[in-house]
Amino acid sequence: NSRKPEGTEREELNQLKEAFDLFDVDGSGIIETEEIGKALEDSNLERRNPIVFRLINELKDIKGAIDFDSFVNTLINKLGDTKSRFGIRKIFELYDADDSGTVNFDKLKLIAKELGESMNDEELQDMLHFIHIQNNTESNTEISFEEFYNVVSKKYINK
């Protein structure tokens, strides 16, 4: 793919490169998967960014070495996409770390940021309240996967 990334995409790619470089201690352009666990412990990433920590920690299961392209592709596959129910579920599950089946306002705000949405707090609160009223849910402070899927699929799949 010879297309040059633009704006936010380039920034995300730079962030991924920085993360990759943390694990590529010898600068060879390759990460040995055996070294990921030790590097994760040393990086304090679990406390700073638990979502990225979980994604990178799962890379330890890959056999052999990982170059930057494989690193990016693996993380993108793990993150999911907004074009399929499976991809949307992957995104939701990243933020539902306690497997409660719901995400709260703070987690929803992170998801919106990840998806490139520029919704402010009031708009997110309004959306949660609308979903609560529309679906007669117990809470207007959390959203279930089905509710999340309905919102995301209307926005991204049915364009």
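The structure this text deals with has already been given above.
This one's a predicted model, so the numbers in the text were calculated from it and none came from an experiment.

### A look at the nonpolar core
If you look at the biggest cluster of nonpolar residues, it comprises 36 residues, and the most contacted ones within it are Ile 56, Phe 71 and Phe 148. When residues of this core are traced back to their parent elements, those giving at least two are helix H1 (7-23), helix H2 (36-43), helix H4 (50-57), helix H5 (68-79), helix H6 (85-95), helix H7 (105-114), helix H8 (121-135) and helix H9 (145-157). A total of 5 residues in this core trace back to one element, the largest contributor, which is H6.

### Some details on the packing of aromatic side chains
By the definition in use, this model includes 6 aromatic pairs. Seen in terms of ring centroids, Phe 92 and Phe 145 are 5.5 Å apart; in terms of plane orientation they differ by 70°. Their pairing is edge-to-face. Placement of Phe 92 in helix H6 and of Phe 145 in helix H9 is noted, with a sequence separation of 53 residues between them. Residue Phe 92 is classed as buried on the basis of its relative accessible area of 2%. With relative accessibility at 5%, the residue Phe 145 sits in the buried group. A centroid spacing of 5.4 Å and a plane angle of 45° characterise the contact between Phe 92 and Phe 148, whose relative ring orientation is tilted.

### Observations concerning the pattern of salt bridges
A full pass over the atoms with the stated rule returns 3 salt bridges. Here Asp 21 ties to Lys 17 by a salt bridge, and the two come within 2.9 Å at their closest N and O atoms. Taken as a pair, Asp 21 and Lys 17 lie in helix H1 at a separation of 4 residues, close to a single helical turn. A relative accessible area of 38% means that Asp 21 is categorised as partly exposed. Asp 121 is the partner of Lys 109 in a salt bridge, and the nearest nitrogen-oxygen pair spans 2.8 Å. Of this pair, Lys 109 sits in helix H7 while Asp 121 sits in helix H8, placing them 12 residues apart in sequence.

Calculation criteria
Residues numbered from 1 in each chain as written. Predicted model: local features only at pLDDT ≥ 70, side-chain atom pairs only at ≥ 80, totals over all residues. Heavy atoms only, no water. Core = buried A, V, L, I, M, F, W, Y, C linked by side-chain atoms within 4.5 Å. Buried < 20%, exposed > 50% of the residue type's maximum accessible area, 1.4 Å probe, protein only. Helix = DSSP H or I, 4+ residues; strand = E, 2+ residues; numbered from the N terminus. Phe/Tyr/Trp six-rings, centres within 6.5 Å; stacked < 30°, edge-to-face > 60°. Salt bridge = Lys/Arg side-chain N within 4 Å of Asp/Glu carboxyl O.

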